[in-house]
Amino acid sequence: MTLDSERIVIGRAVDRGVRLDWSARVSRVHAVLERVGDQWTVVDDGLSRNGTFVNGRRVVGRQRLTDGDVIRCGDIDIGFCDPVARLGEETLKAPERLPSSPVSPAQRRVLVALCRPLRDAPYVGAATNKQIAAELSLSVDAVKTHMKRLFEALEVDDLPQNQKRAQLAWKALSSGVVTSQDLYDA
């Protein structure tokens, strides 16, 4: 797959393209990414059994993609990074030292559990409340309470609901509140 590709197939049984063979909820040929001029689109013309979604909205036919969109195929989230939009981006300078954590130790454990699925596949998506509850032996309601406080603490509470979890995970990792080593610690 190169930037010169005009068509990239997403599915469970594709030879070339985005192969998502670890989930039975992804169709063999689920959707297609197509470049139209300098824009990318995702196409689902009824190819998939469970549908394709962009930022939580079902795709019927073709939908234009913008940098940062989240494409859901079955139960897998894929982050779309527009290669053209990223070409001119400047590398950000890392902070010289980690900021003091705006979260409690219990909230930090929830953040680590939220981010843990990202360690092996950064575009898979953050953990669900149910997955976090199971990992930490908490109730789903307790996780929801922690998540609400975390949205406020890391200043993502004003975002649309379908973007909060991904942005929270990104902020936790990029600010150093959660480190990549945390994701591997048991």
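Refer to the structure printed above.
About the thresholds
Residues numbered from 1 in each chain as written. Predicted model: local features only at pLDDT ≥ 70, side-chain atom pairs only at ≥ 80, totals over all residues. Heavy atoms only, no water. Helix = DSSP H or I, 4+ residues; strand = E, 2+ residues; numbered from the N terminus. Buried < 20%, exposed > 50% of the residue type's maximum accessible area, 1.4 Å probe, protein only. Polar contact = N/O pair within 3.5 Å; in protein donor to acceptor, adjacent residues only side chain to side chain. Core = buried A, V, L, I, M, F, W, Y, C linked by side-chain atoms within 4.5 Å. Contact = heavy atoms within 4.5 Å. Pairing = 2+ DSSP bridges. Patch = residues over 30% accessible without salt bridge, like charges linked within 9 Å, V, L, I, M, F, W, Y side chains within 5 Å. Areas by Shrake-Rupley, 256 points an atom, 1.4 Å probe, with all protein chains shown as cover. Salt bridge = Lys/Arg side-chain N within 4 Å of Asp/Glu carboxyl O. Lys, Arg positive; Asp, Glu negative; His and termini not counted. Charge placed at Lys NZ, Arg CZ, Asp CG, Glu CD. Axes fitted to C-alpha atoms, helices over the stretch in contact; angles between N-to-C directions. Parallel < 35°, antiparallel > 145°, perpendicular 65-115°, else oblique. Left-handed = near helix turned anticlockwise from the far one by under 90°. Nonpolar A, V, L, I, M, F, W, Y, C, P; charged D, E, K, R; others polar.

Colleague: Just to check I follow, could you spell out the side chain of Arg-116 for this structure?
Modeller: On the secondary structure map, Arg-116 appears in the loop between helix 2 (105-115) and helix 3 (129-136). For Arg-116, a relative accessible area of 14% gives the class buried. Here the side chain of Arg-116 touches Glu-135 through a polar contact of 2.8 Å, side chain to side chain.

Colleague: Is there a simple way to explain the nonpolar core in this structure?
Modeller: Note that soluble globular proteins tend to have their nonpolar side chains buried in a common cluster. Among the nonpolar cores identified, the biggest contains 23 residues, and Leu-111, Ile-132, Met-147 and Leu-168 are the most heavily contacted of them. Mapped onto this core, the elements with two or more residues apiece are helix 2, helix 3, helix 4 (140-153) and helix 5 (161-175). With 6 residues, helix 2 is the largest single contributor of residues to this core. Contacts of Ile-132, omitting those with residues within four sequence positions, involve Val-110, Ala-113, Leu-114, Ala-127, Val-143, Met-147 and Arg-165. Leu-20, Leu-65, Ile-71 and Phe-80 belong to the second largest nonpolar core, which has 16 residues in total.

Colleague: What is the right way to read the sheet that holds strand 5 (residues 52-54) from this model?
Modeller: Think of a sheet as strands paired side by side through backbone hydrogen bonds, with each pair either parallel or antiparallel. Read from one edge of the open sheet, 4 strands run 6-5-8-9, paired in antiparallel fashion. If you trace the sheet from one side to the other, it starts and ends with strand 6 (57-58) and strand 9 (76-79), each paired once. The sheet contact formed by strand 5 and strand 6 spans 2 bridges and is antiparallel. Bridge pairing in strand 6 places Val-54 opposite Arg-57.

Colleague: Explain the sheet that holds strand 1 (residues 7-11) here, please?
Modeller: Pairing is mixed across the open sheet formed by 5 strands, whose spatial order is 2-1-3-4-7. At either margin of the open sheet sits one strand with a lone partner, and together these are strand 2 (18-19) and strand 7 (61-64). Where strand 3 (residues 31-36) meets strand 4 (residues 39-44), 5 bridges bridge the pair, whose relative direction is antiparallel. Each bridged residue has a counterpart across the sheet, and for Val-36 the counterpart in strand 4 is Gln-39.

Colleague: Please clarify how a negative patch on the surface should be interpreted in this entry.
Modeller: A cluster of acidic residues, Glu-152, Glu-155, Asp-157 and Asp-158, forms a negative patch at the surface. On the accessibility criterion, Glu-155 (59% relative accessible area) is exposed.

Colleague: Please clarify how the packing of helix 2 against helix 3 should be interpreted in this entry.
Modeller: Following both chains from N to C, one finds helix 2 and helix 3 inclined at 120 degrees, their axes separated by 9 Å at the closest point. Between helix 2 and helix 3, the crossing angle belongs to the class labelled oblique. In the crossing of helix 2 with helix 3, the sense of the turn from one axis to the other is right-handed. Residue-level inspection shows Arg-109, Val-110, Ala-113 and Leu-114 of helix 2 in contact with helix 3, the latter providing Ile-132, Glu-135 and Leu-136. Along the lines of polarity and charge, the residues of the contact of helix 2 with helix 3 split into 5 nonpolar, no polar and 2 charged.

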